[in-house]
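Here's the letter readout for the chains.
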Amino acid sequence: YWGDLECCVLDEDAPWIQADDLEAGKAIREALSLAVDRELILETILKGRGELAYGPLLQYNANPDLVDPSWELPEYNPDLAREKLAEGGYPDGFPIEMFMYEGGETDLPSIAEAIAGMWEEIGIDVARTQADEDVLDARLDEADTAGLAWVKLAGYSAEPALELGRYLERRDRDHKFLHPALEAGYEEIVVQPDRDVRFEATREMIAALKDDTIVITLFTADMVFVAGPRVGSWDPIPGLNAFSGFETITPGE
């Protein structure tokens, strides 16, 4: 299984890795994804303010260059999830720790709790840990995340290479996924002047992660701002998780 010994030593025996039987490990990762009812979480916790996402990390629905028309949204199918657990050698489930921390603009603890409950529905034994994100950061620094899951909120970067920089093996902290598609893709796009070529390579990376279920894709979450009647129009930068586009604000009548 992929990993960088200079960065992190992965638990080769983890149910979702199984270095001696990679297809079994992939079946477990698929089971964890199939068990998540994203639509329900989006409609209840986020009150419909967002969109289901097609792929992880780099895919952003509002930018068509980051969506391949052939992609389908992740499936919710708990019965198939149970079949995948058995296929992966864990018909009765296994233990996993869900780390819950406040995510600022989005209710990450509630999303994490919902996913934990959905995993329990298919037989996963979920232990919950609630702490500040600083505690998670320290565990990331020490590569002490074996058996750990958490919900990650990431802002959108207009250039995929900026976003990829957060996930490469030799960077400090951050959330590393140790997938060769990321390393190879980053090396390609960071020196590529042609935008169309960069985004084509990015779609290929998204597809590789999507098909291998290395990261469980969830959804985009809208950031809500309130504008009073004194504001006539406003065009914030799409996808930027900060107050933006000041120069576009016009006064109301």
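What you are looking at is a predicted structure, and each value in this text was computed from that prediction instead of being measured. (Residues numbered from 1 in each chain as written. Predicted model: local features only at pLDDT ≥ 70, side-chain atom pairs only at ≥ 80, totals over all residues. Heavy atoms only, no water.)

### Regarding the packing of helix H7 (residues 180-189) against helix H8 (residues 195-212)
For step 1, the next point in the chain: Relative to each other, H7 and H8 sit at 175°, their axes nearing to 10 Å. Considered as vectors, H7 and H8 are oriented roughly antiparallel to each other. Contacts between H7 and H8 involve Ala181, Leu182, Gly185, Tyr186, Glu188 and Ile189 on the former and, on the latter, Val197, Arg198, Ala201, Thr202, Met205, Ala208 and Leu209.
For step 2, the next point in the chain: Residue classes in the contact of H7 with H8 are distributed as nine nonpolar, two polar and two charged. (Axes fitted to C-alpha atoms, helices over the stretch in contact; angles between N-to-C directions. Helix = DSSP H or I, 4+ residues; strand = E, 2+ residues; numbered from the N terminus. Parallel < 35°, antiparallel > 145°, perpendicular 65-115°, else oblique. Contact = heavy atoms within 4.5 Å. Nonpolar A, V, L, I, M, F, W, Y, C, P; charged D, E, K, R; others polar.)

### Focus: the sheet that holds strand S2 (residues 95-100)
For step 1, the next point in the chain: On the basis of which strands lie adjacent, the open sheet formed by three strands has the order S3-S2-S4 and parallel pairing. Each edge of the sheet is formed by a strand with only one pairing partner; in this case those strands are strand S3 (125-130) and strand S4 (148-150). Across the sheet, the mean angle separating the axes of adjacent strands is 30° when strand polarity is ignored.
For step 2, the next point in the chain: Both S2 and S3 contribute to a ladder of six bridges, which runs parallel. Counted as the bridge partner of Ile96 is Val126 from S3. (Pairing = 2+ DSSP bridges.)

### Describing the nonpolar core
For step 1, the next point in the chain: By size, the foremost hydrophobic cluster in this structure holds 39 residues, and its most contacted members are Ile41, Met98, Ile111, Ile115, Trp119, Ile124 and Phe219.
For step 2, the next point in the chain: When residues of this core are traced back to their parent elements, those giving at least two are helix H1 (22-34), helix H2 (38-44), helix H3 (78-87), S2, helix H4 (108-121), helix H5 (133-141) and S4.
For step 3, the next point in the chain: If you tally residues by element for this core, the top one is H4, at eight residues.
For step 4, the next point in the chain: Once residues within four sequence positions are removed from consideration, Met98 is found in contact with Ala112, Ile115, Ala116, Trp119, Val126, Ala127, Arg128, Thr129, Ala149 and Trp150.
For step 5, the next point in the chain: Counting residues in each nonpolar core, the second largest holds 22 residues, with Leu66, Tyr167, Phe177 and Phe199 among its members. (Core = buried A, V, L, I, M, F, W, Y, C linked by side-chain atoms within 4.5 Å. Buried < 20%, exposed > 50% of the residue type's maximum accessible area, 1.4 Å probe, protein only.)

### Remarks on H7
For step 1, the next point in the chain: Turning to H7, its buried residues number three or more, namely Ala181, Leu182, Glu183, Gly185, Tyr186 and Ile189.
For step 2, the next point in the chain: In this structure, the buried side of H7 is in contact with helix H6 (160-164) and H8.

### A closer look at the packing of aromatic side chains
For step 1, the next point in the chain: Tallied over the full model, the rule gives eight aromatic pairs.
For step 2, the next point in the chain: Measuring from centroid to centroid gives 5.6 Å for Tyr90 and Phe94, while their planes differ by 80°, and the two rings are edge-to-face.
For step 3, the next point in the chain: Summarising the aromatic geometry, the rings of Trp234 and Phe243 are spaced 5.0 Å apart at their centres and angled 25° between planes, so their arrangement reads as stacked.
For step 4, the next point in the chain: Members of the aromatic cluster, connected to one another through ring pairs, are Phe225, Trp234, Phe243 and Phe246.
For step 5, the next point in the chain: Looking at Arg195, its charged tip hangs above the ring of Phe199, at a distance of 4.0 Å from the centre. (Phe/Tyr/Trp six-rings, centres within 6.5 Å; stacked < 30°, edge-to-face > 60°. Lys NZ or Arg CZ within 6 Å of the ring centre and 35° of its normal.)

### A closer look at the pattern of salt bridges
For step 1, the next point in the chain: The final tally for this structure, using the stated rule, is 10 salt bridges.
For step 2, the next point in the chain: Of the charged contacts in the structure, one is a salt bridge between Asp65 and Arg195, with a shortest N-O distance of 2.5 Å. Taken as a pair, Asp65 in the loop between strand S1 (50-52) and H3 and Arg195 in helix H8 lie far apart in primary sequence, 130 residues in all.
For step 3, the next point in the chain: Residue Asp65 is classed as partly exposed on the basis of its relative accessible area, which comes to 27%.
For step 4, the next point in the chain: Arg139 is the salt-bridge partner of Asp144, the closest N and O atoms lying 3.7 Å from each other.
For step 5, the next point in the chain: Judged by relative accessible area, Asp144 falls into the partly exposed class, the value being 41%.
For step 6, the next point in the chain: Judged by relative accessible area, which is 18%, Arg139 ranks as buried.
For step 7, the next point in the chain: Look at the salt bridges and you will find they share partners, linking Glu30, Lys84 and Glu87 into a network. (Salt bridge = Lys/Arg side-chain N within 4 Å of Asp/Glu carboxyl O.)

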